[in-house]
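Now for the letters of each chain:
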Amino acid sequence: MAGKNNALQKPVQLSPQLENVIGKGPLTRAQVTSKVWDYIKGNSLQDANDKRQINPDAKLGAVIGTEQISMFKMTAAVSKHLT
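Structure report, in brief. (Residues numbered from 1 in each chain as written. Predicted model: local features only at pLDDT ≥ 70, side-chain atom pairs only at ≥ 80, totals over all residues. Heavy atoms only, no water.)

**Digging into the overall build of the protein chain**
Each helix and strand counted, the protein chain has 4 helices and 4 strands in total. Listing every helix and strand of the protein chain by position from the N terminus yields β-α-β-α-β-α-β-α. Whereas a compact globule of 83 residues would reach a radius of gyration of roughly 12 Å, the protein chain reaches 13 Å, a difference of no more than 12%. Structurally, the protein chain occupies a C-alpha span of about 45 × 25 × 20 Å along its principal axes. A buried classification covers 35% of the 83 residues belonging to the protein chain. A fraction of 26% describes how many contacts in the protein chain between residues 6 or more apart in sequence connect residues 24 or more apart. Summing over all exposed atoms, the protein chain offers an accessible surface of approximately 5,300 Å²; the carbon and sulfur share of this is 51%. Here the protein chain contributes 11 positively and 6 negatively charged side chains, and the mean placements of these two sets differ by 10 Å. (Helix = DSSP H or I, 4+ residues; strand = E, 2+ residues; numbered from the N terminus. Rg over C-alpha atoms; globule rule 2.2 N^0.38 Å. Buried < 20%, exposed > 50% of the residue type's maximum accessible area, 1.4 Å probe, protein only. Contact = heavy atoms within 4.5 Å. Areas by Shrake-Rupley, 256 points an atom, 1.4 Å probe, with all protein chains shown as cover. Lys, Arg positive; Asp, Glu negative; His and termini not counted. Charge placed at Lys NZ, Arg CZ, Asp CG, Glu CD.)

**Some remarks on the nonpolar core**
Membership of the largest hydrophobic core comes to 21 residues, with the highest contact counts inside it found for Leu-18, Val-32, Ile-54, Ile-64 and Met-74. Residue assignment for this core shows that the elements contributing at least two residues are helix H1 (16-22), helix H2 (29-42), helix H3 (58-64) and helix H4 (71-79). A per-element tally of this core places H2 first, with 5 residues. (Core = buried A, V, L, I, M, F, W, Y, C linked by side-chain atoms within 4.5 Å.)

**Some thoughts on the side chain of His-81**
With respect to the secondary-structure elements, His-81 resides in the segment after H4. Using a relative accessible area of 14% as the deciding quantity, one classes His-81 as buried. At a separation of 2.6 Å, a polar atom in the side chain of His-81 contacts the side chain of Ser-15. Leaving out residues up to four positions away in the same chain, His-81 has contacts with Gln-13, Leu-14, Ser-15, Gln-17, Leu-18, Ala-62 and Val-63. (Polar contact = N/O pair within 3.5 Å; in protein donor to acceptor, adjacent residues only side chain to side chain.)

**Brief notes about unusual backbone geometry**
Omega for the peptide link from Gly-25 to Pro-26 comes to 0°, which places this bond in the cis form. Relative to the assigned elements, Pro-26 resides in the loop between H1 and strand E2 (27-28). The backbone of Ser-44 shows a phi angle near 50°, a positive value even though the residue is not glycine. Its location among the elements puts Ser-44 in the loop between H2 and strand E3 (53-54). For Ser-44, a relative accessible area of 63% puts it in the exposed group.

The following block contains the structure:
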């Protein structure tokens, strides 16, 4: 893997809304995903009946929208806040 550009390891800049949820960047995409999940679990935002569904609070809602969202769509929503 040496010399290969791995997008997950490249630090990215975070939007102010995302920094409000997970802290200051730059972070790698892998770190962003991990910190978003830490936030979701730490604030009990997974749906009790279907853990694949996320119920955003006000802070996370500023990043991924205020409606319930599947964990698969959440990654795409978060990526819009990375540069």
